[in-house]
Amino acid sequence: MAVYNIVETGDDVLREIAREVPKITSNIVKLLINMRDTMYANKGVGLAAPQVGVSKRIIVVDAGDGLIELINPVICEASGEETDTEGCLSVPEWMGDVSRPAKVVVKGLDRNGRELEINAAGFLARVLQHEIDHLEGILFTDKAINVRRIK
Ligand code: CO
């Protein structure tokens, strides 16, 4: 088990377009495991590889219904709209209200290279979109209104 340091806003890696993972090697699996441990250690609900300084298209999410690991995730469908409050481990002590599609279908690979298709609504849909935004160099504060400091 290893817990990585979380990269915070101001670091260039958070603004890069993350690279596709061409092959799932043992190092990629190790990265997934350490990202999971890092997410849980920080009481996060999601984490994208750029947040641990790795510019690869990998996310881990646990919106309360168990761990989801996704390699090369893609949003295939999106519908509806919902606004809710978000925060981010890379933007500590700030929150804001972000409008996003309420439902999404996300495809990606698991650690065994099997294709996953996730039909998500509500909080899970929001977390998936937030993490996939990280892979495009987008932070929630780019999209949020009413950005405010929390103590
Ligand atoms: Co984030």
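No experiment lies behind these values; they were computed from the predicted model shown. (Residues numbered from 1 in each chain as written. Predicted model: local features only at pLDDT ≥ 70, side-chain atom pairs only at ≥ 80, totals over all residues. Heavy atoms only, no water.)

Chemist: It is not clear to me how the nonpolar core should be interpreted in this structure. Could you clarify?
Modeler: Generally speaking, soluble globular proteins have nonpolar side chains that are buried together. Among the nonpolar cores identified, the biggest contains 15 residues, and Ile-59, Val-61, Leu-70, Val-106, Ile-118, Ala-120 and Leu-128 are the most heavily contacted of them. Per-element tally for this core: the top contributor is helix H2 (residues 122–135), with 5 residues. Setting aside its immediate chain neighbours within four residues, Ile-118 contacts Ile-68, Leu-70, Val-104, Val-105, Val-106, Leu-124 and Leu-128. Grouped together as the second largest cluster of nonpolar side chains are 13 residues, Ile-6, Val-21, Met-35 and Val-60 included. (Core = buried A, V, L, I, M, F, W, Y, C linked by side-chain atoms within 4.5 Å. Buried < 20%, exposed > 50% of the residue type's maximum accessible area, 1.4 Å probe, protein only. Helix = DSSP H or I, 4+ residues; strand = E, 2+ residues; numbered from the N terminus. Contact = heavy atoms within 4.5 Å.)

Chemist: For this particular structure, what's the right way to read the sheet that holds strand S2 (residues 58–61)?
Modeler: Each strand in a sheet pairs with another by means of backbone hydrogen bonds, the pair being arranged parallel or else antiparallel. On the basis of which strands lie adjacent, the open sheet formed by 5 strands has the order S1-S2-S3-S6-S7 and antiparallel pairing. For this open sheet the edge positions go to strand S1 (46–48) and strand S7 (115–121), each flanked by a neighbour on one side alone. Averaged over neighbouring strand pairs, the angle between their axes works out to 35 degrees when direction is ignored. As defined by bridge partners, strand S6 (residues 103–109) adjoins S7 across 7 bridges and the pair is classed as antiparallel. Residue Leu-109 lies in a different strand from S7, and its bridge partner there is Glu-115. Contacting S1, S2 and strand S3 (68–79), helix H1 (residues 26–41) runs over the sheet at an angle of about 40 degrees to S2. Sheet strands in contact with H2 are S1, S2, S3, S6 and S7, and its direction is about 155 degrees off that of S2. (Pairing = 2+ DSSP bridges. Axes fitted to C-alpha atoms, helices over the stretch in contact; angles between N-to-C directions.)

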